[in-house]
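Each chain is listed here by its residues.
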Amino acid sequence: MFSSLLSNVNTKPQGNHDPISLQPIGNISSSSAHDERTLTNAHLPGSNTSPTLVSAITDFLNSSLSTQKSHKSTKSVSVFLCMSMHGFLVLLHLVLLALSISGVEHRLVTSENGAWMPPLGASTQAFYTLYSAILVYLVQRLTLYRNLIQRQQLTILHDNVNAWSGLGSALQCLWQQSSTTGSLWWITSITTYLGCVFALHVASSSILQLQTFSETTNISATTLSHWPGPNVDMMGLQWHTISAIVPSLGHFTSSLNAGLGGATLYDSVQADGATGNATVEATTFRAECGLVRNSELSYIPKLNANQFGDNVVGPQVSGLEQTRKWQSRLVPPYQDRLSSDYSTNFPGPTIAFLISASIDVDDSLRSATVQHMNWEYQQVVLSDSPQTPIISTVLDAHYIACNIYVEHQKATVDMETDQLLALLPPPVLSPPSNWKAWTAPKGNNTWDIWSPPAIDQWNHIHNKWLIYPFRSGAAHPVKTCMTQSQATCHGISLLELYFMKEIGLDVVLDEQASRPPPPSGPKKVLCSRHQFESSLAKIFASLLWTGAKLGSDAGGFDRTLGSTVVSRQVTKWHLSINSWPLAVALTASLIMLALSIWMSGGIHRQKSRPPIDSAGVLQIIWLTNRLRVLKDLMNEVDDPREDVLRSAGVLEVDLLQELNS
């Protein structure tokens, strides 16, 4: 039996007769020799070691089978894990695509400060980087296994292994395929795979982002009212100071005039950093003006009576049942000017002006409303000559009475500029109309807002705060006098000068204006009724706004506190999926899945184990030591340049077959 066993031993020569057939260098390993001797001795006659031989053979076979099963299990797990991770990546991008189409991700709203923007981008990029590294490792291992178990040229094996060093190395190997055609498809696949990994790395940082959007929120804020409270004594305000400030308000920017919009006073909101709009209380002044008929109000001067004459006030003006008449002194305004000294004849919220300017009305209304005033003139005496006589000239004028109304409204204010945006209900804009005759206010002619008017003992002098800024306000230092007597001088307040400028009667006062020449009649035409009314309404709004700004300590009144709800636009962030980066990532993941299936195809069906599990420098040294043909092949190459080594490596070899033979 021993001779029969020897005949079955296949001992191949150790020569170098066939360069394709690669044989291991040296003798069989000691463990293999020991197993062969044990097997031979087991069949010798008279041997008593059969149980030991059977046990040894069983252990050897079980160990080999266990190693193969373990290797097969490892390969199966690697293949399953590789395919599963590629499939999960594709599924993830499909889910993101579905969310992007439906817009569900916009419901995920973050805080207002956007603090999650940097962590989101960094975590997304870190996930893709780590995930791609694992995929590259798995596909690289599986493709290495496949290259090691198939018969191919050494140069092709070198290119396939070297291409996995990185995208740059893969491109270099692809460029070198002009001299080697066997691995073009492999190198192209590896280069494409690594290019897809690079595309994933670039697109990952912008697939998921936080996008800003504006949202309207409501907050409570404190308001300061410019409208006087019911306990404010309007008669006691320092109108001398207030009226001196009003003409200069137009020189300030609109941001400094917050709370004043034309003839409207609105509350200012105290809310730092708030944006958007707020709804506050507002009050709008409105004036209705007309020409007073001379049958209801007139002045009959007496010549050479030191400007004394008879005042005649009818029932429509006074509100009484009969006409009243009394003596008083009246100095009319010079031509193309006005005076506000005649409002005390009117009860209720009415202010009147005597204007010596031309008014565009028809002849019938002009004759019914004109007032014939006397302007006395006396020349200046240069020496001790007798007093010059007084010359009297007729000056035509008109009384214009204006009823003042207020309308309480709701105002929408821009919180950023604090400017008025809208009024609710909106003010009624009356179309421009011609001058008409004045009519008394409808209803009860009592001024029931703030301080009621004070009536003197004769019950015909109606003092009210409306006339105080004009009559008792700051006055211009230059007075206009008719004669040398101070009783014929007429002063003009700064507010009257400002009002005349607004209605087109601009007046320049200097020292020469104190004794003007005799008037030759009105030379200027008064503005339209609409302009007159709107200018007067704006002045009253400006007066109250200035008083509120000054406060009670500076001659005004204290503003009252209130509250409102501020509507503001808040910038927030919601999750957003960008379409183009997602399309790039989905395309790259699909290509990677397809390439991984192709490059690792058939690995799980291989039962043999590759001789090495890597292709590093140590593995190359080990292969060269085991296979003499590799050592001889490298000994024949004197020039270690890349192209020379690649040409020498055009040699087909099956490492698995040769090392296991």
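Residues numbered from 1 in each chain as written. Predicted model: local features only at pLDDT ≥ 70, side-chain atom pairs only at ≥ 80, totals over all residues. Heavy atoms only, no water.

Asks: Got a minute to help me understand the overall build of the protein chain in this structure?
Replies: For the protein chain, the count of helices and strands is 18 helices and 20 strands. When each of the 661 residues of the protein chain is scored for burial, the buried share is 43%. Contacts in the protein chain between residues at least 24 apart in sequence constitute 77% of all its contacts with a sequence separation of at least 6. By element, 57% of the accessible surface of the protein chain is carried by carbon and sulfur atoms, the whole surface being about 34600 Å². (Helix = DSSP H or I, 4+ residues; strand = E, 2+ residues; numbered from the N terminus. Buried < 20%, exposed > 50% of the residue type's maximum accessible area, 1.4 Å probe, protein only. Contact = heavy atoms within 4.5 Å. Areas by Shrake-Rupley, 256 points an atom, 1.4 Å probe, with all protein chains shown as cover.)

Asks: Explain the pattern of salt bridges here, please?
Replies: Pairs can form between side chains of opposite charge once their charged atoms are near each other. Taken as a whole, this structure holds 6 salt bridges when the rule is applied. For the salt bridge of Arg286 with Glu288, the shortest nitrogen-to-oxygen distance reads 2.5 Å. Between Arg366 and Asp363 there is a salt bridge; the shortest N-O distance is 3.1 Å. Taken together, the residues span about one helical turn, with Arg366 and Asp363 both in helix α10 (residues 363-369) at a distance of 3 residues. With relative accessibility at 30%, the residue Arg366 sits in the partly exposed group. Asp363 sits in the exposed class, given a relative accessible area of 61%. (Salt bridge = Lys/Arg side-chain N within 4 Å of Asp/Glu carboxyl O.)

Asks: I keep staring at a nonpolar patch on the surface and nothing clicks. Help me out?
Replies: Together, Leu91, Leu94, Val95, Leu97, Leu99, Ile101 and Val104 make up an exposed nonpolar region whose accessible area comes to about 590 Å². Mapped onto the fold, Leu97 is located in helix α3 (residues 50-102). (Patch = residues over 30% accessible without salt bridge, like charges linked within 9 Å, V, L, I, M, F, W, Y side chains within 5 Å.)

Asks: Got a minute to help me understand helix α14 (residues 579-599) in this structure?
Replies: Owing to its 3.6 residues per turn, the α-helix aligns residues three or four sequence positions apart on the same side. Between its terminal C-alpha atoms α14 stretches 30 Å, which fits the 30 Å expected from 21 residues at 1.5 Å a residue. Among the residues making up α14, those that are buried are Pro581, Leu582, Ala585, Leu586, Ala588, Ser589, Met592, Leu595, Ser596 and Met599. (Expected span 1.5 Å × (residues − 1).)

Asks: When you look at the environment of Asn147 in this model, what are you seeing that I'm missing?
Replies: For Asn147, the position within the fold is in helix α4 (residues 117-148). Taking C-alpha positions, Asn147 is 8.6 Å from Val161, a pair spaced 14 residues apart along the chain.

Asks: Hey, could you run me through the state of the cysteines in this one?
Replies: Linking two cysteines covalently through their sulfur atoms gives a disulfide. Under the counting rule described, the total for this entry stands at 2 disulfides. One disulfide in the model links Cys289 with Cys402; its S-S distance is 2.0 Å. Measuring the twist about the S-S bond at about 110°, one finds the Cys289-Cys402 disulfide to be right-handed. Here Cys289, found in strand β6 (residues 277-291), pairs with Cys402, found in strand β13 (residues 391-414); they are 113 residues apart in sequence, far enough to count as distant. Judged by relative accessible area, Cys402 falls into the buried class, the value being 0%. The residue that forms a disulfide with Cys481 is Cys489, at a sulfur-sulfur distance of 1.8 Å. On the S-S bond that ties Cys481 to Cys489, the torsion sits near 100°, and the link is right-handed. For the residue pair Cys481 and Cys489, the accessibility class agrees, reading buried in each case. Each bonded cysteine of the protein chain gets a number by its place in the sequence, and the pairs then read 1-2, 3-4. (Disulfide = S-S within 2.5 Å.)

Asks: What's the story with the side chain of Asp414 in this structure? I'm lost.
Replies: You can see Asp414 is positioned in strand β13. A distance of 3.3 Å separates the side chain of Asp414 from the side chain of Thr417, its partner in a polar contact. Discounting residues that sit within four places of it in the chain, Asp414 has contacts with Gly276, Asn277, Gln419 and Leu421. (Polar contact = N/O pair within 3.5 Å; in protein donor to acceptor, adjacent residues only side chain to side chain.)

Asks: Got a minute to help me understand unusual backbone geometry in this structure?
Replies: Negative phi values dominate among residues other than glycine, just as trans dominates among peptide bonds. Residue Pro425 follows Leu424 across a cis peptide bond; omega there is -5°. By the secondary structure assignment, Pro425 is in the loop between β14 (420-424) and β15 (454-455). Positive phi, close to 65°, is recorded for Asp336, a residue that is not glycine. Its relative accessible area of 8% is what places Asp336 among the buried residues.

Asks: In this structure, what is going on with the pairing of β6? I would like to understand it.
Replies: Sheet analysis places strand β4 (residues 264-266) next to β6, joined by 3 bridges and oriented antiparallel. When the bridges of β6 are listed, Leu265 appears paired with Thr283. Across 15 bridges, β6 lies against β13 in antiparallel orientation. The residue bridging Phe285 from the neighbouring strand is Val406, located in β13. (Pairing = 2+ DSSP bridges.)

Asks: Looking at this model, I keep getting lost on the packing of helix α7 (residues 184-207) against α14. Mind explaining?
Replies: Closest axis-to-axis distance for the α7/α14 pair is 8 Å, and the angle between their directions is 150°. For the element pair α7 / α14, the angle class is roughly antiparallel. α14 is crossed by α7, and the crossing has left-handed handedness. Of the residues contributing to the contact of α7 with α14, the split by class is 20 nonpolar, 3 polar and no charged. (Axes fitted to C-alpha atoms, helices over the stretch in contact; angles between N-to-C directions. Parallel < 35°, antiparallel > 145°, perpendicular 65-115°, else oblique. Left-handed = near helix turned anticlockwise from the far one by under 90°. Nonpolar A, V, L, I, M, F, W, Y, C, P; charged D, E, K, R; others polar.)

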